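Residues per chain are reported as follows:
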Amino acid sequence: MVKLEIPLFDHGQGPTAEKEAELFREQRSYQGLGVKLRASARATATRLQAARQTLTRYDQDILPIRAKILEQTELYYNAMGVDVFALLAAKNAIGHAELARTEARLNYELARVDLEQLLAGRMPPTTLPGNEGSH
């Protein structure tokens, strides 16, 4: 006995629906990547701008003022107008400002590198899963 099936109602809907679902998933994944890239670009640009402003503030305002304060404190110390503790406090303050400026420079460079990676078509490490807040 020979058995023969005639596909009268099979019009290929199963494989077609599967391919359509796969295409839909790929489109959503592509759109999600676009959203993530735009968000990363905005966040990186904002970080770079803030870091640049902070660095400029240290270079143009804070460090020159701290240097002037130290200079004046040394003059007062030499004239015996302030004690050694005031002089040490002024030196300590300029040291802290220089350290903070170095940290601001590091943040600027990290943001710049992340932006360069985005422009080169790669996701920066700070936007990859598991690296939130690594900078």
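What comes next is a walk through the structure. Every value quoted in this text rests on a predicted model; they were computed, and no experiment measured them. (Residues numbered from 1 in each chain as written. Predicted model: local features only at pLDDT ≥ 70, side-chain atom pairs only at ≥ 80, totals over all residues. Heavy atoms only, no water.)

1. Thoughts on the side chain of Thr73
Short version of the rule: Secondary structure elements are defined from DSSP: runs of H or I of at least 4 residues count as helices, runs of E of at least 2 residues count as strands, and each element is numbered from the N terminus. Working rule for contacts: check all heavy atoms of both residues, and any pair within 4.5 Å makes them a contact.
As for its placement among the helices and strands, Thr73 is situated in helix H1 (residues 13–78). The residues touching Thr73, leaving out its near neighbours within four places in the chain, are Val82, Ala86, Leu87 and Ala90.

2. A short note on H1
Note the threshold: Take the number of residues in a helix, subtract one, and multiply by 1.5 Å to get its expected span. To get the bend at any residue, fit one axis to the seven residues that end at it and another to the seven that begin at it, then take the angle between the two axes. Remark: exposure states derive from per-residue accessible area (1.4 Å probe, protein chains only) relative to the maximum for the residue type, with buried under 20%, exposed over 50%, and partly exposed in between.
With 66 residues, H1 extends 94 Å between its outermost C-alpha atoms, agreeing within 8% with the 98 Å of an ideal straight helix rising 1.5 Å per residue. The largest bend in H1 amounts to roughly 40 degrees and is located at Tyr58. Within H1, the full set of buried residues consists of Gly34, Ser40, Thr44, Leu48, Ala51, Leu55, Tyr58, Leu63, Leu70 and Thr73. Where H1 is buried, its residues touch helix H2 (84–119).

3. Things to note about the nonpolar core
This is how it is decided: Definition used in this section: a nonpolar core is a set of buried Ala, Val, Leu, Ile, Met, Phe, Trp, Tyr and Cys residues joined via side-chain atoms within 4.5 Å.
By size, the foremost hydrophobic cluster in this structure holds 7 residues: Leu48, Ala51, Leu55, Tyr58, Ala104, Tyr108 and Ala111. Where this core is concerned, the elements lending two or more residues are H1 and H2. It is H1 that contributes the most residues to this core, 4 residues altogether. Dropping the residues within four chain positions of it, Leu55 is found in contact with Arg101, Ala104, Arg105 and Tyr108.

4. What about H2?
Over its 36 residues, H2 runs 52 Å from end to end, which matches the ideal 52 Å to within 8%, given 1.5 Å per residue. Among all positions of H2, only Leu87, Ala90, Ile94, Ala97, Ala104, Tyr108, Ala111, Asp114 and Leu118 are buried. Lining the buried residues of H2 we find H1. The positive-phi residue at the C-terminal boundary of H2 is Gly121, with phi of around 95 degrees.

5. Points about the packing of H1 against H2
To keep it simple, the criterion reads: Axes, fitted as lines to C-alpha atoms, cover a helix only where it is in contact. Angles between the N-to-C directions of the axes lie from 0 to 180 degrees. Under this scheme an angle from 65 to 115 degrees is roughly perpendicular, one under 35 degrees roughly parallel, and one over 145 degrees roughly antiparallel; angles in between are oblique. We call a crossing left-handed when the near helix sits turned anticlockwise from the far one by less than a right angle, and right-handed when that turn is clockwise. Any residue outside Ala, Val, Leu, Ile, Met, Phe, Trp, Tyr, Cys, Pro, Asp, Glu, Lys and Arg is labelled polar, Gly included; the first ten of those are nonpolar and the last four are charged.
Between H1 and H2, the shortest axis-to-axis distance is 8 Å and the interhelical angle comes to 160 degrees. Of the possible angle classes, the one that applies to H1 and H2 is roughly antiparallel. The two elements H1 and H2 meet at a crossing, and its hand is left-handed. Classifying every residue of the contact of H1 with H2 gives 25 nonpolar, 5 polar and 11 charged.

6. Quick notes on the pattern of salt bridges
Cut-off, in case you're wondering: The term salt bridge refers to a side-chain nitrogen of Lys or Arg lying within 4 Å of a carboxyl oxygen of Asp or Glu.
Counted by the stated rule, this structure contains 6 salt bridges. Arg105 is the partner of Glu109 in a salt bridge, and the nearest nitrogen-oxygen pair spans 2.9 Å. Of this pair, Glu109 and Arg105 both sit in helix H2, 4 residues apart, roughly one helical turn. On the accessibility criterion, Arg105 (37% relative accessible area) is partly exposed. Connected through shared salt-bridge partners, Arg105, Glu109, Arg112 and Glu116 make up one network.

That's the geometry; what it means functionally is another story.
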